[in-house]
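The chain contents come next:
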Amino acid sequence: MKNRIVLKCLYAIFVASLIKINAQTMPENIQPPVAKIIPKTLENLGDTRIDNYFWLNDRENPEVIDYLNKENEYYHKMTAHAKDFQKELFEEMKGRIKEDDESVPYLYNGYYYITRFETGKDYPIYSRKKESLSAKEEIMFDCNELAKGQSYFQLGGLSISPDNKLAVYSTDTIGRRIYTIQVKSLETNEILEDKIEKVTGTAVWANDNHTIFYSSQDEVTLRSDKIFKHKLGSKQADDVLVYFEKDDTYNVEIAKSKSRKYLAIESGSTLTTEYRILNADTPDGKFEIFQKRIRGVEYSINHYKDSFYILTNKDKAENFKLMKTLETATSKENWTEVIPHREDVLLEDIEIFANYLVVEERSNGLNKIRIMPWSGEGEYYLPFESETYTAYTTTNVDFETEILRYGYQSMTTPSSVIDFNMTTKAKEIKKEQQVLGGKFDKNNYKEERVWATAKDGAKIPISMVYRKELKKDGNNPLLQYAYGSYGHSMDVTFSSTRLTLLDRGFIFAIAHIRGGEDLGRQWYEDGKLLKKKNTFTDFIDCSKFLIDQKYTSPKHLYAEGGSAGGLLMGVVVNLAPELYHGIIAQVPFVDVITTMLDDSIPLTTGEYDEWGNPNKKKYYQYMLSYSPYDNVKKQNYPNMYVSTGLHDSQVQYWEPAKWVAKLRTMKMDANVLFLDTNMDAGHGGASGRFEAIKELAKEFSFLLDLEKIKK
């Protein structure tokens with residue numbers, strides 16, 4: 001169920017790269033910086049830890065900034081020989097991208113909405129056309145103009161008023177996900193005086209075209225905890241608090257139903273949800289509880305006509321079921337079953353149309369789209385043949401249509417947007433991603449899914465892609481990627497930038513390890529809390545399988561993960577460093593115990609249901625047993641590239657900084673270790689599309705430098 005997933009921005013860090021350096025090609029006499037040691041005693045539940053680098057936890061300290069700059073300087077000096085190659089790779093990857101590109105238009109409330117890019121520009125342009133695609137284009141927001149003078153820029157929530165005259169939008173110029181909300185007249189292009197600062201950026205309109213509801217966060221923890229009501233023309237100080245979430249393990253969001261009839265406040269933790277609803281025609285009314293929270297019960301709501309449709313795990317429906325209730329009787333005793341729970345099928349999401357119910361399911365690790373006529377006759381599944389594909393519904397804002405818009409891609413097939421007539425079963429490909437350069441042919445590549453066996457007997461799917469002429473002789477460089485947390489299923493994607501590796505002989509593999517929901521909800525349950533170590537050992541067992549099957553060998557195997565996947569990398573290099581020639585850890589969550597004991601850090605209290613509460617001894621001891629920073633030891637480590645952002649609000653920069661500092665003092669090898677800190681960005685890295693490719697080019701150049709592959 002999509003809205004259960006905590007980290008929705010994951011694909012922003014899903015890049016196919018890994019760093020490995022040939023130490024013999026590195027400049028001599030360049031010494032890495034040495035962080036000073038200031039021991040700090042940390043005590044919890046009778047246990048004492050000494051943290052020599054706790055002092056790095058202060059971005060306002062000039063010595064901290066100096067240390068990060070020295071690490072960056074070391075990184076740049078050590079890789080100076082690769083700068084020209086990085087530029088070549090950047091131009092190669094950029095050359096495959098259609099720069100003057102645009103999205104498939106969709107019709108909403110009388111206007112066609114389009115997002116497009118122009119040649120040479122980093123940021124999107126949001127526009128619309130009234131009633132017809134041949135009408136004059138109205139540019140709502142040119143993010144290239146908004147981003148001028150900013151080292152980082154992100155346009156946040158964008159919502160059009162019901163009368164189509166105003167747009168509420170938000171901007172972040174730091175990368176810490178702290179937004180400023182403003183309102184623009186789409187008739188005059190004037191920016192109104194309304195300004196709402198230091199908020200999450202999410203805002204929705206009531207139906208009166210005058211009232212905006214938005215969410216704000218705690219200034220210290222950045223937990224989204226309040227919903228406010230704002231009247232146009234008023235000051236932020238006069239905004240009305242309509243809901244405050246007191247439980248610090250919950251976050252709140254505000255949204256509007258597809259029917260446009262209801263505003264809905266969602267309070268959600270890892271395991272529990274609760275909604276409050278209000279008729280959007282009466283913005284000064286009181287939000288009413290839909291169904292009071294019950295620990296362990298998750299649900300989401302979709303409104304249509306006089307009823308709500310509810311995805312829920314109520315009654316121990318582990319893989320979720322679909323229920324229905326009248327809008328006048330929303331508590332759980334009134335819910336009736338529409339689609340029952342199934343042991344082997346995960347119910348992920350639904351789309352409602354006048355004549356059809358469309359259900360997104362997952363079985364055997366694969367996406368399924370099920371078409372169910374309300375008449376009860378003639379249901380069917382969309383046919384997909386590959387075992388390494390991703391299919392998903394996209395923008396479907398109209399109830400009164402027979403057209404379902406969905407997306408499809410595989411590891412060899414560029415992404416497509418398809419309009420499917422649910423009555424005639426005719427489909428029209430509205431757009432297929434173009435791969436420029438004239439060299440790409442999907443028939444030159446092979447995609448396959450194989451199954452590794454975990455140490456406890458579980459079968460773990462691995463999705464792979466490589467060139468067809470490749471031989472399984474153990475000499476192929478292979479990049480193994482995984483995430484494995486929060487129940488996030490790691491769906492396969494097509495990547496034009498990935499071709500840079502594939503065309504140079506690489507295999508790219510995604511290990512669908514426990515901790516995700518790739519094989520259903522139990523797959524997630526078996527990779528969290530006191531079963532978290534399954535995530536790490538699954539990844540290692542996948543690596544051993546790929547080596548045993550001669551896809552690769554330890555001297556050619558690389559691993560990559562970001563955020564919680566960076567935690568995975570940290571554990572893997574402690575447990576099985578001999579399997580990998582190199583590791584890339586992007587914005588890695590590696591100081592698990594210290595972070596989870598600090599409830600002032602963003603996300604911490606809301607994460608207890610994922611990792612455990614370290615204030616309880618059994619969780620403290622278990623987390624301590626795998627926390628990467630706490631388990632660094634004197635041994636050989638692979639070549640490692642670690643990246644972070646100074647303004648990261650999800651994984652604070654000091655986690656990878658401390659980790660690298662400790663690794664420098666403990667590792668017993670001559671392999672390289674880099675810390676690359678983007679001093680202008682946050683969790684998602686650089687904000688512009690070309691800046692992101694430059695970061696990727698750096699990573700690829702290191703890997704290819706190791707493999708002595710240039711062309």
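Heads up: the structure comes first, above all this text.
Note that the coordinates shown come from a computational prediction; the quantities given were computed from them, not determined experimentally. (Residues numbered from 1 in each chain as written. Predicted model: local features only at pLDDT ≥ 70, side-chain atom pairs only at ≥ 80, totals over all residues. Heavy atoms only, no water.)

**Some details on the overall build of the protein**
At step 1: Each helix and strand counted, the protein has 12 helices and 38 strands in total.
At step 2: In summary, the protein has a C-alpha radius of gyration of 25 Å against a globular reference of 27 Å for 711 residues, a match within 12%.
At step 3: Dimensions of the protein, computed from C-alpha atoms along their principal axes, come out at roughly 70 × 55 × 55 Å.
At step 4: When the accessible area of the protein is evaluated, it comes to approximately 28,700 Å², of which 48% is carbon and sulfur surface.
At step 5: Between the mean site of the 94 positive side-chain charges and the mean site of the 105 negative ones, the protein shows a separation of 3 Å. (Helix = DSSP H or I, 4+ residues; strand = E, 2+ residues; numbered from the N terminus. Rg over C-alpha atoms; globule rule 2.2 N^0.38 Å. Areas by Shrake-Rupley, 256 points an atom, 1.4 Å probe, with all protein chains shown as cover. Lys, Arg positive; Asp, Glu negative; His and termini not counted. Charge placed at Lys NZ, Arg CZ, Asp CG, Glu CD.)

**Digging into the pairing of strand 11 (residues 191-205)**
At step 1: Sheet topology places strand 10 (residues 179-185) next to strand 11; four bridges connect them, and they run antiparallel. The residue of strand 11 that forms the bridge with Gln182 is Lys195.
At step 2: As judged from the four bridges shared by strand 11 and strand 12 (residues 211-217), these two strands associate in the antiparallel manner. By the bridge assignment, Val199 is partnered in strand 12 with Ser216.
At step 3: Joining the antiparallel neighbours strand 11 and strand 12 is a turn of five residues, in which Asn209 adopts a positive phi near 65°. (Pairing = 2+ DSSP bridges.)

**Regarding the nonpolar core**
At step 1: Residues Ile462, Met464, Phe539, Tyr580, Trp611, Tyr626 and Trp659 are the most contacted members of the largest nonpolar core, which totals 105 residues.
At step 2: Here this core takes eight residues from helix 12 (residues 689-706), the largest share from any one element.
At step 3: Filtering out sequence-adjacent residues up to four positions away, Trp659 remains in contact with Gly570, Val573, Ala585, Pro588, Val590, Pro628, Tyr629, Val632, Met640 and Val642.
At step 4: In this structure, Val358, Leu382, Leu404 and Tyr408 belong to the second largest nonpolar core, which totals 17 residues. (Core = buried A, V, L, I, M, F, W, Y, C linked by side-chain atoms within 4.5 Å. Buried < 20%, exposed > 50% of the residue type's maximum accessible area, 1.4 Å probe, protein only. Contact = heavy atoms within 4.5 Å.)

**With respect to helix 6 (residues 533-548)**
At step 1: The end-to-end C-alpha separation of helix 6 is 22 Å, in line with the 22 Å expected for 16 residues at 1.5 Å each.
At step 2: In the segment just after helix 6, Lys550 is the residue with positive phi, at about 65°. (Expected span 1.5 Å × (residues − 1).)

**Overview of empty space enclosed by the protein**
At step 1: Applying the stated criterion to the full structure yields three cavities of 30 Å³ or more.
At step 2: What the second largest cavity holds in volume is close to 110 Å³.
At step 3: Along the walls of the second largest cavity sit 16 residues, with Gly365, Leu366, Ser463, Val492 and His512 positioned nearest its centre.
At step 4: Counting only elements with at least two residues in the lining of the second largest cavity, the list comes to strand 25 (366-373), strand 27 (389-393) and strand 32 (459-467).
At step 5: Classifying every residue of the lining of the second largest cavity by side-chain character gives five nonpolar, six polar and five charged. (1 Å grid on protein atoms, 1.4 Å probe; cavity = no way out; pocket = protein on both sides within 12 Å on 5 of 7 lines; lining within 4 Å. Points joined across faces, edges and corners; volume = space filled by probe spheres on them. Nonpolar A, V, L, I, M, F, W, Y, C, P; charged D, E, K, R; others polar.)

**Focus on the pattern of salt bridges**
At step 1: Scanning the entire structure with this criterion turns up 48 salt bridges.
At step 2: Two residues, Arg514 and Asp538, come together in a salt bridge whose shortest N-O distance is 2.8 Å. In this pair, Arg514 sits in the loop between strand 34 (507-511) and helix 5 (521-525) while Asp538 sits in helix 6, placing the two residues 24 residues apart along the sequence. With respect to class, Arg514 is no different from Asp538; both count as buried.
At step 3: When the shortest N-O distance is used, the salt bridge between Lys698 and Asp676 registers 2.8 Å. Within this pair, whereas Lys698 is found in helix 12, its partner Asp676 is found in strand 38 (residues 673-678), the two being separated by 22 residues in sequence.
At step 4: Among the residues examined, Asp676 registers a relative accessible area of 9% and is labelled buried. (Salt bridge = Lys/Arg side-chain N within 4 Å of Asp/Glu carboxyl O.)

**Side note on the packing of aromatic side chains**
At step 1: In total, this model carries 36 aromatic pairs according to the counting rule given.
At step 2: Both rings, one in Phe384 and one in Tyr389, keep their centres 5.0 Å apart while their planes meet at 35°; by these two values the pair is tilted. For the pair Phe384 and Tyr389, a shared accessibility class is recorded, and that class is buried.
At step 3: A network of ring pairs unites the aromatic residues Tyr262, Tyr275, Phe290, Tyr299, Phe308 and Trp335 as a single cluster.
At step 4: It is Lys94 that lies over the ring of Phe690; its NZ or CZ is 4.8 Å from the centre.
At step 5: One Lys or Arg, Arg128, reaches over the ring of Tyr111 and ends 3.9 Å from the middle of that ring. (Phe/Tyr/Trp six-rings, centres within 6.5 Å; stacked < 30°, edge-to-face > 60°. Lys NZ or Arg CZ within 6 Å of the ring centre and 35° of its normal.)

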